[in-house]
Amino acid sequence: MIYAGNFKTNHTRSSTIDYIKELNFGLKDKKEEDKVYIFPPLTAIDFYRGDFTLGVQNAYPIESGAVTGEVGAAQLEEFKINTILIGHSERRELLNETQEFVSKKFNFFKKRGFEIIYCIGEPLEIREKGQDGVIEYLKKQFMGIDIDYSNFMIAYEPIWAIGTGRSATVEEIIATHNKLKELSNRPILYGGSVKETNIAEISSIDSVDGVLVGGASLNADNFLKLILH
Ligand code: PEP
């Protein structure tokens with residue numbers, strides 16, 4: 001299983017250092033085949049040691065240049081970062097990232113060989129119309145994306161399940177992941193209110209290769225409970 005923790009705009013450099021100490025202590029008991037990723041805020045990026053991969057939540061598709069407030073590939077290279085989240089619904093919705101821009105970012109970091117966790121997910125009004133509409137919606141989020149790229153994973157994150165405490169049902173996850181598996185042979189993570197009380201059920205689904213976790217990853221002890229469940 002893959003366990004990815006997205007801190008979003010939480011944690012500072014100092015609290016990330018404490019977090020990693022605690023995480024590393026607990027990871028001694030993790031199953032060898034399991035893989036852990038953490039995505040702290042950019043200000044907390046540094047060289048950390050441990051049995052996990054450090055990635056970034058975002059970067060701009062530029063080597064370096066004039067994009068005020070953004071970081072590009074040169075800044076990530078300094079820290080040997082080569083893992084990135086792309087397409088998160090918060091960036092699509094709050095920051096108006098269009099599919100065209102998201103795919104530009106995907107292709108830019110693909111060219112540099114980055115490992116990409118590519119997020120897709122439907123809003124509630126689409127889910128309420130039924131499974132066929134969901135798949136149609138998700139397919140549009142693959143426009144411009146090379147689904148044969150060998151260094152990417154899909155994170156299926158229904159928007160209505162993110163940070164709401166309401167995870168998708170097992171049936172919804174199975175139906176959606178099975179369809180996604182027909183489109184791509186890359187690993188598929190589920191994200192959306194994964195927590196201690198549902199990790200066993202969600203991780204036991206065959207087509208779930210891992211989880212992308214927001215809220216329940218913010219505390220190292222909680223995240224470890226998911227990883228070591
Ligand atoms: C996320 O934002 O990627 C996420 C899955 O958040 P949460 O676990 O808090 O629903």
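Before reading further, recall that the structure is shown in the block above.
Residues numbered from 1 in each chain as written. Predicted model: local features only at pLDDT ≥ 70, side-chain atom pairs only at ≥ 80, totals over all residues. Heavy atoms only, no water.

(A) Examining the sheet that holds strand 5 (residues 115-120) more closely. Strand order in this open sheet of eight strands is 3-2-1-8-7-6-5-4, and the pairing throughout is parallel. With one partner strand each, in any of the chains shown, strand 3 (53-54) and strand 4 (83-86) form the two edges of the open sheet. (Pairing = 2+ DSSP bridges. Helix = DSSP H or I, 4+ residues; strand = E, 2+ residues; numbered from the N terminus.)

(B) Helix 7 (residues 170-183), seen in detail. Here helix 7 spans 20 Å end to end across 14 residues, near enough to the 20 Å set by a 1.5 Å rise per residue. Considered for burial, the residues of helix 7 that qualify are Val170, Glu172, Ile173, Thr176, His177 and Leu180. Summarising the axial view, the buried residues of helix 7 lie within an arc of 150 degrees, below the 170-degree limit, and thus occupy one face. Relative to its buried face, helix 7 has exposed residues pointing more than 90 degrees away, namely Glu171 and Glu182. Close packing links the buried residues of helix 7 with strand 5, helix 5 (124-128), helix 6 (131-140), strand 6 (152-156), strand 7 (188-191) and helix 8 (199-203). (Expected span 1.5 Å × (residues − 1). Buried < 20%, exposed > 50% of the residue type's maximum accessible area, 1.4 Å probe, protein only. Arc of directions from axis to C-beta. Contact = heavy atoms within 4.5 Å.)

(C) Main features of the packing of aromatic side chains. A complete count under the given rule lists 11 aromatic pairs for this structure. Aromatic pair Phe106 and Tyr118: ring centres 5.6 Å apart, planes at 85 degrees, arrangement edge-to-face. With Phe106 in helix 4 (residues 99-111) and Tyr118 in strand 5, this residue pair connects regions lying 12 residues apart in the sequence. A relative accessible area of 0% places Phe106 in the buried class. (Phe/Tyr/Trp six-rings, centres within 6.5 Å; stacked < 30°, edge-to-face > 60°.)

(D) Looking closely at the nonpolar core. Residues Leu23, Ile38, Phe109, Ile116, Tyr118, Tyr190 and Phe223 are the most contacted members of the largest nonpolar core, which totals 56 residues. A per-element tally of this core places helix 9 (residues 220-227) first, with five residues. If we skip the residues at most four places from it in the chain, Leu23 touches Ile38, Phe52, Ala220, Phe223, Leu224 and Ile227. (Core = buried A, V, L, I, M, F, W, Y, C linked by side-chain atoms within 4.5 Å.)

(E) Spotlight on the pairing of strand 2 (residues 35-39). Where burial is concerned, most of strand 2 is hidden: four out of the five residues are buried. One ladder, built from five bridges, connects strand 1 (residues 2-6) with strand 2; its direction is parallel. Residue Gly5 lies in a different strand from strand 2, and its bridge partner there is Ile38. With two bridges joining them, strand 2 and strand 3 adopt parallel strand pairing. Looking across to strand 3, one finds that Tyr37 is bridged to Thr53.

(F) View of the site of the ligand. Residues in close proximity to the ligand total 14 residues, the closest being Lys8, Glu157, Gly163, Ser193 and Gly214. The backbone of Ser193 places a nitrogen or oxygen atom 2.8 Å from an oxygen atom of the ligand. In the complex, the protein chains occlude 95% of the 300 Å² of accessible area that the ligand would expose alone. Comparing atom positions with the cavity grids shows the ligand to sit within the second largest pocket. Across the shell around the ligand, the residue classes tally to four nonpolar, eight polar and two charged. (Near = heavy atom within 4 Å. Polar contact = N/O pair within 3.5 Å; in protein donor to acceptor, adjacent residues only side chain to side chain. Areas by Shrake-Rupley, 256 points an atom, 1.4 Å probe, with all protein chains shown as cover. 1 Å grid on protein atoms, 1.4 Å probe; cavity = no way out; pocket = protein on both sides within 12 Å on 5 of 7 lines; lining within 4 Å. Sits in = over half its atoms within 2 Å of the grid points. Nonpolar A, V, L, I, M, F, W, Y, C, P; charged D, E, K, R; others polar.)

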